[in-house]
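Summary of structural features
Below are the chains, spelled out letter by letter.
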Amino acid sequence: MPLVMRREHDTFFPDGRCDACGRLLSRSDEVSFALWPLDAVSVGPILLACSPSCADVLTAQAQPRELGAVSFDAYLVALGEQLHIDPEAIQRRERLAYAIDRARDEAQE
């Protein structure tokens, strides 16, 4: 699964890259998908598709294997739940880390 960090100016953002066309999922106007082989015993690779047409391409390339699919945002929510991620706690931790870094940078000046 090609998860990437993209840079815009001095900030980095997480993103996904389509396995079919290489487009960034955040740049797609369509619903994106996570796909996986249904015959995987317990662990299978995740493919990303930026659109229904790219999902069709990946499904055709996987033949004769059958792929399951879910919208990428639903996949991320399920992943967060599976990993017991508390978004509010993470945001608090990241805000604190940012404030500490800023204070340290200002103290050095």
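In this text, all values refer to a predicted model and were calculated from it rather than measured experimentally.

Overview of the side chain of Asp15
Tracing the chain through its elements places Asp15 in strand 2 (residues 11-16). Side-chain polar atoms of Asp15 contact the side chain of Arg6, separated by 2.8 Å. Ignoring sequence-local partners within four residues, the contact set of Asp15 consists of Pro2, Leu3, Val4, Arg6, Leu24, Leu25 and Ser26.

Considerations on helix 1 (residues 52-62)
All of the buried residues along helix 1 are Cys54, Ala55, Leu58 and Ala62. Angular distribution of buried residues about the axis of helix 1 spans 105 degrees; they occupy a single face of the element. In helix 1, the exposed positions angled more than 90 degrees off the buried face are occupied by Asp56 and Ala60. Where the residues of helix 1 are buried, they touch strand 3 (33-37), strand 4 (47-49) and strand 5 (67-71).

Topic: the pairing of strand 1 (residues 3-8)
In this structure, strand 1 lies alongside strand 2, joined through six bridges in antiparallel fashion. Within strand 2, the residue paired with Glu8 across the bridge is Thr11. Once strand 1 ends, the chain turns through two residues before running back antiparallel as strand 2, passing His9 with a positive phi of about 60 degrees.

Considering the nonpolar core
Core analysis: the biggest nonpolar cluster contains 16 residues, and Leu25, Ala34, Leu35, Leu48, Ala49 and Phe72 have the highest contact counts within it. Contributing elements (two or more residues each) for this core: strand 3, strand 4, helix 1 and helix 2 (72-82). If one sorts the elements of this core by residue count, helix 1 sits on top with four residues.

Notes on the pattern of salt bridges
Tallied over the entire structure, the rule returns eight salt bridges. With its nearest N and O atoms 3.0 Å apart, the salt bridge here joins Arg65 to Asp39. Taken together, the positions of Arg65 in the loop between helix 1 and strand 5 and Asp39 in the loop between strand 3 and strand 4 put the pair 26 residues apart, joining distant regions of the chain. Looking at Asp39, the relative accessible area reads 48%, which means it is partly exposed. The residue Arg93 makes a salt bridge to Glu94 at a minimum N-O spacing of 3.2 Å. The class of Glu94 is partly exposed, set by a relative accessible area of 43%. Residues joined in a network through salt bridges with shared partners are Arg6, Glu8, Asp15 and Arg27.

Calculation criteria
- Residues numbered from 1 in each chain as written.
- Predicted model: local features only at pLDDT ≥ 70, side-chain atom pairs only at ≥ 80, totals over all residues.
- Heavy atoms only, no water.
- Helix = DSSP H or I, 4+ residues; strand = E, 2+ residues; numbered from the N terminus.
- Polar contact = N/O pair within 3.5 Å; in protein donor to acceptor, adjacent residues only side chain to side chain.
- Contact = heavy atoms within 4.5 Å.
- Buried < 20%, exposed > 50% of the residue type's maximum accessible area, 1.4 Å probe, protein only.
- Arc of directions from axis to C-beta.
- Pairing = 2+ DSSP bridges.
- Core = buried A, V, L, I, M, F, W, Y, C linked by side-chain atoms within 4.5 Å.
- Salt bridge = Lys/Arg side-chain N within 4 Å of Asp/Glu carboxyl O.

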